[in-house]
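Structural description and commentary
Now for the letters of each chain:
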Amino acid sequence: MKKPELLAPAGNLETFFAALDAGADAIYLGGKEFSARQRAKNFSSYELERMIPYAHQRGVKIYVTVNTLLKEEELPSLYRFFSFLRRLEVDALIVQDPGVIHLLRRDFPELPVHISTQASIHNAWGVARMDRLGCKRVVLARELSLEEIAAISRETSLELEVFVFGALCLSVAGLCLFSSFLGGQSGNRGRCTQPCRRLYAQSRKTGYYLSPADFSALPFLPQLMALGITSCKIEGRLKSSHYVGTVTGVFRQAIDEIVRDGVLQPERQAALARRLRSAFTRPLNSANLSGVYSPVMIDPRQHGSMGQQIGTVLAVRNRSVRVSLSDDLLAGDRLKVISGGRDGKDNAFTISKGVEGNGLHGKEVWLPVPVDCHPGDLLVKVGGKDYYSSKGSRFWLEKLKQEVSVAPCSPAGPKCYDLQRLLVSTPAAVTTNRGTHRTRWRLKVASWEHVQQFSREEDCTLIADLNLRLIAQLAGQEAAIFRRYRRRLAWWLPPVHFPGQEQSLAEAVKRLLAAGFRQFYLNNLGQLELFADRSPKGLHLATGSFLPATNLAAVAAYRSWGFTSVMLSAEMDRQSLKVLCERSPADLELMVLAFGFQPLLVTRMSLPVSAKKIPLTSPHGEIFHPIIRDGLTYLVPGQPLMVTSLLKKLFPHTSPAFLLDFSWYPPGWKPAAMLAAIRQGKPISGASSFNLSRKWQ
């Protein structure tokens with residue numbers, strides 16, 4: 001059996017050394033910028049200069065994350081960072097932004113590129129496209145089943161990486177705007193505030209309806225390894241050295257035993273699973289690997305880590321409790337109280353000094369507890385110091401300084417981000433009519449009934465959402481529909497289609513092309529494979545709202561890949577949007593979302609909510625509607641984004657095309673009434689301007 005790489009996370013020096021000592025084959029980490037875990041401590045250039053050689057001397061690879069969406073103003077710094085990493089001979093870069101992929105393959109071809117799970121690669125089309133772009137590895141989406149991973153593996157020789165342990169995002173990675181919508185802190189830029197982990201109300205009940213359990217692939221590890229997976233990845237750059245050391249050590253043992261014996265014996269799996277529970281995670285399950293999500297994937301009663309139970313409260317006196325300990329208790333340990341109706345979210349505390357009886361098993365001790373307790377409550381350990389964290393970062397930095405000497409060296413090759421060279425060297429696909437003062441509208445709908453209803457709007461190009469219901473309705477009628485609508489009707493492809501679901505979409509696109517349609521909006525880079533062998537005259541490919549474009553490198557990348565129109569990301573702020581519109585090539589059409597109920601996340605998990613169409617409400621009164629389409633749940637805000645007046649002020653003389661998206665709207669909203677209000681310039685009550693009126697972080 002092929003032995004896969006064991007890839008561990010590091011968010012600080014303590015976790016870096018814990019991963020090394022626990023047997024990681026490779027470590028992924030981020031610099032101070034451009035990392036999808038900006039809340040981690042991350043690493044300075046001074047530290048990276050020593051860490052990378054230190055790891056290489058021990059046969060361990062280092063992958064650096066640049067897995068965020070970039071603003072245009074950040075690209076010069078990014079170029080300098082790439083030159084620095086090339087000098088250090090980093091083993092690979094993990095990236096998300098299409099513009100970063102484009103820059104790396106063009107100007108830094110010697111730096112291997114791994115495609116982040118943030119790029120939402122969830123089928124063989126996506127892997128094939130990354131292969132064509134010269135990437136070395138793809139980190140597959142975490143929603144895939146074992147059977148789906150096998151289907152992808154059979155279709156490619158590209159390296160595949162899968163997550164085997166850690167926290168899960170509710171949303172398909174890269175398709176979440178939830179945190180950005182609520183406060184400008186973008187998950188796609190590494191600043192997620194985790195609104196999915198909050199308490200929500202539905203009708204009169206409250207619960208953690210959007211907070212999934214943690215993931216462990218340990219029960220399926222032999223089957224994953226049998227598929228020839230290149231790398232087994234542990235999530236956790238925000239986690240402690242105890243977590244990283246424990247989990248890495250468990251999977252090191254498991255992989256080695258499977259390679260040696262071909263299987264993981266049940267008793268060994270059980271023993272290793274018990275050790276994983278000591279890593280202070282949330283409850284663990286294997287997500288969708290079996291092909292079906294566990295019914296307890298989301299437990300509305302469960303907020304966070306259950307940790308390790310270390311005692312039961314026997315008596316309470318003032319702010320102290322008498323507790324019977326079942327495990328060691330040390331200064332620095334993090335505890336929480338579990339009692340009826342409470343999950344420990346607001347009643348956690350840290351032991352700040354030694355306790356009488358400390359370290360004795362089964363010893364009854366009096367323990368100062370700064371939160372309310374009652375006899376019978378459980379004390380649970382959810383964190384604590386270990387060897388690595390007790391030493392502290394200064395100790396480990398000194399160790400690096402002693403063992404690694406750094407020689408000054410000037411980076412070779414391109415030293416700066418040359419925007420003009422980037423745009424000139426990118427071939428133009430088609431000439432458009434940008435520069436006209438006339439507002440150009442695109443009107444998107446999700447049903448054939450709405451296509452017919454809005455076909456009378458002569459100044460709009462209609463875009464139809466190519467969902468399964470619409471595909472079934474139109475089958476066999478494509479030629480007649482083309483004769484009626486011709487170039488006034490374009491097609492919007494869905495952002496997610498897992499293995500086994502691609503065929504219906506591929507056949508629908510083939511029929512539409514044969515009928516004469518030439519305008520398609522793509523929402524995943526893998527969808528370019530649908531047109532790889534078909535280039536009919538007049539074909540216009542555009543990016544949709546689920547394909548990010550936040551900098552000119554991304555615009556240039558899409559242009560070079562055959563797109564004739566690019567939709568700019570809805571979460572950008574005013575300055576970022578203005579820069580792109582002013583500096584983008586004139587031969588490329590740009591489009592921005594001017595109105596719509598933009599989905600804030602897309603999930604394959606079933607939410608434990610009422611089947612009735614009752615929205616979720618946050619403690620701050622924000623309303624969100626779970627809407628199911630094609631087997632996925634889209635979380636749609638209760639108020640639309642509406643920035644038509646702001647965009648007209650932003651572009652008084654020339655403008656991009658404006659998209660009015662009526663394909664997502666909650667019960668009670670009427671598309672015709674919304675369009676009438678927009679045409680009359682009337683404000684819509686409660687509408688949001690998203691990040692156009694604040695800074696996009």
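These remarks concern the structure in this document. (Residues numbered from 1 in each chain as written. Predicted model: local features only at pLDDT ≥ 70, side-chain atom pairs only at ≥ 80, totals over all residues. Heavy atoms only, no water.)

Turning next to the overall build of the chain. For the chain, the count of helices and strands is 21 helices and 31 strands. For 697 residues, the compact-globule estimate of 2.2 N^0.38 gives 26 Å, and the chain sits close to it at 27 Å. Expressed along its principal axes, the backbone C-alpha trace of the chain runs to roughly 85 × 65 × 50 Å. In the chain, which comprises 697 residues, the share counted as buried stands at 59%. Intrachain contacts of the chain at a sequence separation of at least 6 include 73% that bridge at least 24 residues. (Helix = DSSP H or I, 4+ residues; strand = E, 2+ residues; numbered from the N terminus. Rg over C-alpha atoms; globule rule 2.2 N^0.38 Å. Buried < 20%, exposed > 50% of the residue type's maximum accessible area, 1.4 Å probe, protein only. Contact = heavy atoms within 4.5 Å.)

The six strands are arranged 16-15-18-13-14-17 in an open sheet whose pairing can be described as antiparallel. Edge positions in the sheet fall to strand 16 (348–350) and strand 17 (364–368), since each of these pairs with one other strand and no more. Taking the axes of each pair of neighbouring strands and ignoring which way they run, one obtains an average angle of 40° across the sheet. Bridging between strand 15 (residues 334–338) and strand 18 (residues 378–383) involves five bridges; their strand directions are antiparallel. Paired with Arg 334 across the strands is Gly 383, a residue of strand 18. (Pairing = 2+ DSSP bridges. Axes fitted to C-alpha atoms, helices over the stretch in contact; angles between N-to-C directions.)

Grouped together as the largest cluster of nonpolar side chains are 212 residues, with contacts concentrated most on Phe 16, Phe 520 and Leu 568. Among residues more than four places away in sequence, those in contact with Leu 568 are Ala 549, Val 555, Leu 577, Leu 580, Cys 581, Leu 590, Met 591 and Val 592. By size, the runner-up hydrophobic cluster in this structure holds 16 residues, among which are Val 313, Val 323, Val 337 and Cys 373. (Core = buried A, V, L, I, M, F, W, Y, C linked by side-chain atoms within 4.5 Å.)

The subject of this paragraph is the pairing of strand 13 (residues 308–317). The pairing of strand 13 with strand 18 spans four bridges and is classified as antiparallel. By the bridge assignment, Gln 309 is partnered in strand 18 with Val 380. Here six bridges tie strand 13 to strand 14 (residues 320–325), and the two strands are oriented antiparallel to one another. In the sheet register, Val 316 faces strand 14, and the bridge partner there is Val 321. Taking the residues that link successive antiparallel strands as the turn, the strand 13-strand 14 hairpin has two residues, and the phi of Asn 318 there is positive, at about 55°.

Let's shift gears to helix 5 (residues 124–132). When helix 5 is considered as a whole, its buried residues turn out to be Trp 125, Gly 126, Val 127, Arg 129 and Met 130. Close packing links the buried residues of helix 5 with helix 4 (98–107), strand 5 (113–115), strand 6 (137–139), helix 6 (146–154), strand 7 (159–166) and helix 17 (502–515). N-capping of helix 5 is provided by Asn 123, with a side-chain oxygen placed 3.1 Å from the backbone N of Trp 125. Immediately beyond the C-terminal end of helix 5, within one or two residues, lies Gly 134, with a positive phi of roughly 85°. (Polar contact = N/O pair within 3.5 Å; in protein donor to acceptor, adjacent residues only side chain to side chain.)

Inspection of the entire model under this criterion finds zero disulfides. We note that Cys 581 lacks a disulfide partner, and the nearest cysteine sulfur, in Cys 460, lies 19 Å from it. (Disulfide = S-S within 2.5 Å.)

Further remarks concern the side chain of Ser 565. Along the chain, the position of Ser 565 falls in strand 24 (residues 563–567). Here Ser 565 falls in the buried class, since its relative accessible area comes to 4%. One polar contact links Ser 565 to Glu 589, side chain to side chain, over a distance of 2.9 Å.

Another point: the packing of helix 1 (residues 13–22) against helix 12 (residues 393–403). Taken N-terminus to C-terminus, the directions of helix 1 and helix 12 make an angle of 60°; their axes are 8 Å apart at the nearest point. Facing helix 1, whose interface residues are Leu 13, Glu 14 and Phe 17, helix 12 presents Ser 393, Trp 396, Leu 397, Lys 399 and Leu 400. Of the residues belonging to the contact of helix 1 with helix 12, the class tally is five nonpolar, one polar and two charged. (Nonpolar A, V, L, I, M, F, W, Y, C, P; charged D, E, K, R; others polar.)

Right, let's get into the environment of Met 674. Examined against the element boundaries, Met 674 turns out to sit in helix 21 (residues 671–679). Placed 486 residues apart in sequence, Met 674 and Asn 188 show a C-alpha to C-alpha distance of 30 Å. Excluding residues within four positions of it along the chain, Met 674 makes contact with Phe 595, Phe 597, Phe 662, Tyr 665, Trp 669 and Ile 684.

For the structure on display, the rule yields 37 salt bridges. Among the salt bridges present, the one from Glu 110 reaches Arg 86, with a minimum N-O distance of 2.7 Å. Here the residue Glu 110 occupies a position in the loop between helix 4 and strand 5, and Arg 86 occupies one in helix 3 (residues 75–88), the gap between them amounting to 24 residues. Judged by relative accessible area, which is 41%, Glu 110 ranks as partly exposed. Since its relative accessible area comes to 15%, Arg 86 is described here as buried. The residue Glu 478 makes a salt bridge to Arg 511 at a minimum N-O spacing of 2.8 Å. Residue Glu 478 is found in helix 16 (residues 478–485), and its partner Arg 511 is found in helix 17; the two are separated by 33 residues along the sequence. (Salt bridge = Lys/Arg side-chain N within 4 Å of Asp/Glu carboxyl O.)

Looking now at the packing of aromatic side chains. Enumeration over the complete set of coordinates arrives at 29 aromatic pairs. Counting every residue linked through ring pairs, the aromatic cluster contains Phe 16, Phe 17, Tyr 54, Tyr 387, Tyr 388, Phe 395 and Trp 396. Here the guanidinium or amino end of Arg 142 rests over the ring plane of Phe 163, the centre of that ring lying 4.6 Å away. (Phe/Tyr/Trp six-rings, centres within 6.5 Å; stacked < 30°, edge-to-face > 60°. Lys NZ or Arg CZ within 6 Å of the ring centre and 35° of its normal.)

Right, let's talk about the side chain of Asp 214 for a bit. Structurally, the position occupied by Asp 214 is in strand 10 (residues 214–216). There is a polar contact of 3.0 Å between the side chain of Asp 214 and the side chain of Arg 282.

A separate point is unusual backbone geometry. For Ser 120, which is not glycine, the phi torsion reads 55° and is therefore positive. Positionally, Ser 120 belongs in the loop between strand 5 and helix 5. In this model, Phe 280 sits at a positive phi of 60°, which is unusual for a non-glycine residue. Along the chain, Phe 280 falls in the loop between helix 10 (266–277) and strand 12 (284–285). When its relative accessible area of 13% is taken as the criterion, Phe 280 is described as buried.

Taking 1.5 Å of rise per residue, the 13 residues of helix 2 (residues 45–57) would be expected to cover 18 Å, and the 19 Å separating its terminal C-alpha atoms lies within 8% of that figure. Of all the residues in helix 2, the buried ones are Glu 47, Leu 48, Glu 49, Arg 50, Met 51, Ile 52, Tyr 54 and Ala 55. Looking at the buried side of helix 2, the elements it contacts are helix 1, strand 2 (26–30), strand 3 (61–66), helix 3 and helix 12. (Expected span 1.5 Å × (residues − 1).)

Taken N-terminus to C-terminus, the directions of helix 2 and helix 3 make an angle of 30°; their axes are 10 Å apart at the nearest point. For the element pair helix 2 / helix 3, the angle class is roughly parallel. Between helix 2 and helix 3 the crossing geometry is right-handed. Of the residues in helix 3, those in contact with Ser 45, Leu 48, Glu 49, Ile 52 and His 56 of helix 2 are Phe 81, Phe 84, Arg 87 and Leu 88. (Parallel < 35°, antiparallel > 145°, perpendicular 65-115°, else oblique. Left-handed = near helix turned anticlockwise from the far one by under 90°.)

Any functional reading would require information beyond the geometric quantities listed.
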